[in-house]
Amino acid sequence: MDSQFTTEIANNLFTINNLWMMFATALVFIMHLGFATLEAGLTQSKNTINILFKNSIIPAIGLVTYAIIGFNLMYPADCILGGLIGFSGFGIGTDAAGVTNSYNIGYTYWTDFLFQGMFAATAATIVSGAVAERIRLSSFIIFSTFFVGIIYPITGMWKWGGGFLNNLGFYDFAGSTLVHSVGGWGALTGVIFLGPRIGKYMKGKIYPIPGHNIPLAVIGVFLLWLGWFGFNGGSVLSADPGLVSLVLVTTSLAASAGAIGAMATSWSFFKKPDLTMTLNGILAGLVGITAGADLMTPFSSIIIGLIAGVIVVFAVIIFDRIKIDDPVGAISVHLVCGIFGTLAVGIWGEKAGLEQLFYQAIGVLTIGAFVVSSTSLMWFIIKKTVGIRVSQEEEYSGLDIGEHAMEAYPYFEKVS
Amino acid sequence: MDSQFTTEIANNLFTINNLWMMFATALVFIMHLGFATLEAGLTQSKNTINILFKNSIIPAIGLVTYAIIGFNLMYPADCILGGLIGFSGFGIGTDAAGVTNSYNIGYTYWTDFLFQGMFAATAATIVSGAVAERIRLSSFIIFSTFFVGIIYPITGMWKWGGGFLNNLGFYDFAGSTLVHSVGGWGALTGVIFLGPRIGKYMKGKIYPIPGHNIPLAVIGVFLLWLGWFGFNGGSVLSADPGLVSLVLVTTSLAASAGAIGAMATSWSFFKKPDLTMTLNGILAGLVGITAGADLMTPFSSIIIGLIAGVIVVFAVIIFDRIKIDDPVGAISVHLVCGIFGTLAVGIWGEKAGLEQLFYQAIGVLTIGAFVVSSTSLMWFIIKKTVGIRVSQEEEYSGLDIGEHAMEAYPYFEKVS
Amino acid sequence: MDSQFTTEIANNLFTINNLWMMFATALVFIMHLGFATLEAGLTQSKNTINILFKNSIIPAIGLVTYAIIGFNLMYPADCILGGLIGFSGFGIGTDAAGVTNSYNIGYTYWTDFLFQGMFAATAATIVSGAVAERIRLSSFIIFSTFFVGIIYPITGMWKWGGGFLNNLGFYDFAGSTLVHSVGGWGALTGVIFLGPRIGKYMKGKIYPIPGHNIPLAVIGVFLLWLGWFGFNGGSVLSADPGLVSLVLVTTSLAASAGAIGAMATSWSFFKKPDLTMTLNGILAGLVGITAGADLMTPFSSIIIGLIAGVIVVFAVIIFDRIKIDDPVGAISVHLVCGIFGTLAVGIWGEKAGLEQLFYQAIGVLTIGAFVVSSTSLMWFIIKKTVGIRVSQEEEYSGLDIGEHAMEAYPYFEKVS
């Protein structure tokens, strides 16, 4: 009887853990809607269909690609070449053990795949916003497929799949580097290969191109914050009450402090509190806490969020000054604050210390080097073959008509 | 002591299962917002208030009606007439046993009611989109009340309430037929009784009437995908780790493949990738997998989703050619793909086989025959009494002013 | 072995309970997006950025303030002055016991803080809508900080923190009074100190100022309904299957009946079914059931919802007649229906009785007296120092330009 109790109690815990992970999966899924509305809201109404199309098809392509190849690249049975690469074969599937706690105490094989697949697709979505309003649709789809299917899983494996960064001591709880800076580097190289939108920088001046529908952007940021409950909360990989609830607290306090930091900075700097900056402050706080959400005290998480909120405002301004045209601020949020958040693990919290800070820097640099070089190669090949940018005429008239022959708001008069 | 452990362990499992079912209930609830924004987005701005009104009042009327009569029609204690009908009396309520695992190992009586009630209301919401932009509000409310309160529970009982289709061997895991095609048949008869919108088909030509706010439609589709985590995931009727997580994987892969199938088809056919078609492809994949989400391998779910995504594009085109004017494509998505998904159970997955395919066809046909005849009778009576369609003037000027004396966007200039 | 089983079984239950509470926390969080879109949708397009800014920064300020002071004011270790006040010191944090069931059987210390913090911020959000379109941003931020950090926790403590109303026998399950009427009283005093919007009441006539984007309002109401699953369902403070699922049923039926009540009332009264009123009817039903959601039968919850739905329509009309200009109907929904819901505990359900009704009235009155006097003092000080209202020019041209130098929809032509 005793051994039966032991088994049943363990099974119950497995069921609870798996339930939390499925809930977290649903939350990470909804981040894709968050990215869709955020990016659509912060760009022009003539490119809305195009942005929405990209953000609708990315999770679809992402999940299918991850099922075919990505999951088995990221979590191979064995790594070779000193933890640089590994692959367990095409397709997904499991035996009976895969749906019991002998697979993992926290989730089934299926939950594992779906949770990780939802993560993978977010990396491409980060790129989507930065390259908006001038990239060819087909080029973006080709890029995203390889980005989600190959590049993201390879660097993901380096840490989460048991690769060399994991062995080194690099720490990235939920992906400040593995997800956000990976997406951010891909965004940066994309923007460099594409160049700025027509009319953005002329005669040494910066011309702001405002977003067309700010309520959409707000919906996006709130859904992203909600999704981060699953992104960080699910990264505990079980329903552990203390750890998950601490992570939700540090995550929410960092988001809050990020909003306050960006509000205060923009208010001082521009004399008016800027809503877009404040929204990016929320995201900055979230990205900043992601690498160490399980290591921080509430007070440290507020500090990290505040700093991230300040950083993001200056990053947006600086990228604009050096003519890196990122319509939604994705590079500032995901790359800059992703790096900051990764380094923060060595500065605050349980693992703080110079040695850890060094490991964190190694992780940032090696992953950055790999993603910059591999995505640059991809953008280069795309540019030389199918082409990377829409025609000047199409950019003027909008990608909605050019790429899709549709309008997002056909019954409303636009400002001419 | 041992028997106490046994009880406590079972109680814990019951609490976990019930928690998952409540979460699934919340997700199915949010599908109503998904339908509201999808249908509003895909129709004209002069009819937006009216669509939103219908979609806001349907879950309200649906839940109250289901509490008064529907739940007890769908899950009667005993069926009579060979499993054709049954009724346990008006109203809902339970004794102490209803909140323990002696009621059901997976959920309490209250959770059972609410989960099923949220399902029931979706059937009417499916009709809402197809009959949009010309149906009288009062007529639609009358129809919906009877549809949710009487028609849906009767056919639902045939399978899920232990009726004759269940005894026969018909299989419908989460309602490709019991929910989606039921809604789809009601939509089809409604469209036939109403006729097309003025100006849609003139002199042998088809005039497209584009949706007014595509971001709303995208929000709708993502919320529906999210809701399907509860719709299909909750249809396991417990938190069983392996089964629920498999269902989430097959559901998400089918949705993804549906998007890809519809994108590819529309891209080939129209030379441009169509966002609306791609969104309907997601829904097509979801409806298509619903009948057998627990029976399929990941690979089969991708195949089913892909085919559903292709089918939905052609269905939309064909219905337009035969002048079935369905503003949002609800009949193509829910009826056509609902039938396809039901038959798919006999073609792919654990139950595949000619005998099963035959049972599936029987289910499709008997439920189709009942819903077509009963809803036709209802539309006929409504047409002859209160009237079914708004006046020509009201249709021109919009139902928002005509039915509600309100505008959805009073501060924006409309294209004249 | 036996004692180990006992511990493990209890730990599993703790993990389940905490999981439910974290889910409820996520749902209450999403209410902030609901308030943001509801309030933005029901106001003019020239004030949209401002509303969205307020609703984005409130949860941020609310959570940080609650971490610094509010949580320890609301749940002090000891109350003094006969249960009127208490304080456990600044900041949050816990020892190892705080993440086990020795803290509470239902949740960890961290979950407790975050769930309660999400609640706290909603109180300020209620005020936001009522004072919209003419309050200075900085004044509102100052007010909200004190409101969430000091006033809300003090009255919250009176009941939920073990203060004098709790000892008296006052009952408020999830906050019809402690959250909704507290927010409502703050809204009422704010509106009185501010005065009506320019042009609302002229020469004895009432000029309606319609909302600019009704789909946003619908999104808001559905998200609020969804959030109420956590607001009320989480107020059980565990995952108790019977109690939580009953609460979800009474909550949803009251919301549904509220919609039907408001639809019917507006249809009779205005000859057309009013969408805004129906949406407010849903919220009215939700607020109305909140104080006794765990005490009611399904039938009683329908009655309470119906009455609340009728009340809210008349309340909106009456407040307009007495020139209390509340752009979104927040006072009618949260204050009037909050009082009704609190009294309903003495009229229907398990605790019904004259004695209970008396306790309920005492709670309504003492909390009302405290919030009216304390918020009046705050508004008075704000008015005399930084100023409470924007200039007439700014009100005409819109707070978006005046307070933020931004537009919500820069590419769309507005009606001039």
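Residues numbered from 1 in each chain as written. Chains lettered and ligands numbered in written order. Predicted model: local features only at pLDDT ≥ 70, side-chain atom pairs only at ≥ 80, totals over all residues.

(A) Up close: the overall build of chain A. The number of helices and strands found in chain A is 14 helices and two strands. A compact globule built from 416 residues would reach a C-alpha radius of gyration of about 22 Å, and chain A, at 21 Å, matches this within 12%. Reported as C-alpha extents along the three principal axes, the dimensions of chain A are approximately 80 × 45 × 45 Å. The 416 residues of chain A split such that 68% are buried. For chain A, the share of sequence-separated contacts (at least 6 apart) that also reach a separation of at least 24 residues comes to 79%. (Helix = DSSP H or I, 4+ residues; strand = E, 2+ residues; numbered from the N terminus. Rg over C-alpha atoms; globule rule 2.2 N^0.38 Å. Buried ≥ 20, exposed ≤ 12 C-beta atoms within 10 Å, placed from the backbone. Contact = placed C-beta atoms within 7 Å.)

(B) Structural detail: the relation of the copies chain A and chain C. Placing chain A over chain C gives an RMSD of 0.0 Å and needs a rotation angle of 120°, together with 0.0 Å of translation along the axis. Taken together, the rotation and translation relating the two chain copies correspond to the operation of a three-fold axis. Of every C-alpha in chain A, the one belonging to Glu413 of chain A sits nearest the axis of rotation, 3.2 Å from it. Little of the interface of chain A is mirrored in chain C, where only 18% of its interface residues again form contacts. (Least-squares fit on C-alpha atoms with pLDDT ≥ 70 in both.)

(C) Geometry of the interface of chain A and chain C. Taken together, the contact between chain A and chain C spans 50 residues of the former and 56 residues of the latter. Secondary-structure elements contributing two or more residues to the side of chain A that touches chain C are α1 (2-41), α7 (214-233), α8 (241-270), α9 (275-290) and α10 (298-321) of chain A. Tallying contributions element by element places α8 of chain A first for the side of chain A that touches chain C, with 14 residues. By residue class, the composition of the side of chain A that touches chain C is 34 nonpolar, eleven polar and five charged. (Nonpolar A, V, L, I, M, F, W, Y, C, P; charged D, E, K, R; others polar.)

(D) Summary view of the packing of helix α6 (residues 176-194) of chain A against helix α12 (residues 354-384) of chain A. All names here are of chain A. Viewed as axis vectors pointing N to C, α6 and α12 meet at an angle of 40°, and their least axial separation amounts to 9 Å. Classed by the angle they form, the pair α6 and α12 counts as oblique. Crossing angle aside, the handedness with which α6 passes α12 is right-handed. Between α6 and α12, the residues in contact are Thr177, Ser181, Val182, Trp185, Gly186, Thr189, Gly190 and Phe193 and Gly363, Val364, Ile367, Gly368, Val371, Val372, Thr375, Ser376, Trp379 and Lys383, respectively. (Axes fitted to C-alpha atoms, helices over the stretch in contact; angles between N-to-C directions. Parallel < 35°, antiparallel > 145°, perpendicular 65-115°, else oblique. Left-handed = near helix turned anticlockwise from the far one by under 90°.)

(E) Spatial organisation of the relation of the copies chain B and chain A. For the pair chain B and chain A, the best superposition has an RMSD of 0.0 Å and corresponds to a rotation of 120° with a translation of 0.0 Å parallel to the axis. Looking at chain B, a mere 18% of its interface residues are interface residues in chain A too, so the copies touch through different faces.

(F) Here's a closer look at the nonpolar core. Of all hydrophobic cores here, the largest spans 482 residues; its most connected members are Val312 of chain A, Val312 of chain B together with Val312 of chain C. Ignoring anything within four residues of it in the chain, the contact list for Val312 of chain B reads Ala262, Asn280, Gly281, Ala284, Ser332, Val333, Val336 and Cys337 of chain B. (Core = buried A, V, L, I, M, F, W, Y, C linked by C-beta atoms within 7 Å.)

(G) Quick peek at helix α9 (residues 275-290) of chain C. Compared with the 22 Å implied by 1.5 Å per residue over 16 residues, the 23 Å span of α9 of chain C between its first and last C-alpha is a close match. Counting buried positions along α9 of chain C gives 16 out of 16 residues, so the element sits mostly inside the fold. (Expected span 1.5 Å × (residues − 1).)

(H) Structural context of unusual backbone geometry. Residues other than glycine seldom take positive phi values, yet Leu237 of chain A does so here, at roughly 65°. Take Leu237 of chain A: it is sitting in the loop between α7 and α8. Phi at Lys323 of chain C takes a positive value of approximately 60°, unusual for a residue other than glycine. Its place among the elements puts Lys323 of chain C in the loop between α10 (298-321) and α11 (330-347).

(I) Highlighting the interface of chain B and chain A. Listed by partner, the interface residues are 50 residues for chain B and 56 residues for chain A. Where the side of chain B that touches chain A is concerned, the elements lending two or more residues are α1 (2-41), α7 (214-233), α8 (241-270), α9 (275-290) and α10 (298-321) of chain B. Looking at the side of chain B that touches chain A, the element that brings in the most residues is α8 of chain B, giving 14 residues.

(J) Focus on the environment of Ala124 of chain B. Residue and element names in this part refer to chain B. For Ala124, the location among the structural elements is in helix α3 (residues 109-130). In this structure Ala124 comes out as buried when scored by C-beta crowding, with 33 C-beta atoms within 10 Å. For the pair formed by Ala124 and Ala187, sequence separation is 63 residues and the distance between their alpha carbons is 8.7 Å. When sequence neighbours within four positions are dropped, the list of residues in contact with Ala124 reads Ile58, Gly62, Ser144, Phe147 and Val148.

(K) Expanded view of the environment of Pro241 of chain C. Residue placement: Pro241 of chain C occurs in helix α8 (residues 241-270). Judged by local crowding, Pro241 of chain C falls into the buried class, with 28 C-beta atoms found within 10 Å. Once residues within four sequence positions are removed from consideration, Pro241 of chain C is found in contact with Phe14, Thr15, Asn18, Val99 and Thr108 of chain B.

(L) Broad picture of α12 of chain A. Residues and elements named next belong to chain A. Between the first and last C-alpha of α12 there are 44 Å, a value that for 31 residues agrees with the 45 Å anticipated at 1.5 Å per step. Taken residue by residue, α12 has Gln356, Gln360, Gly363, Val364, Ile367, Gly368, Val371, Thr375, Met378, Trp379 and Ile382 as its buried positions. Those residues of α12 hidden inside the fold are in contact with α4 (137-159), α5 (164-168), α6 and α11 (330-347).

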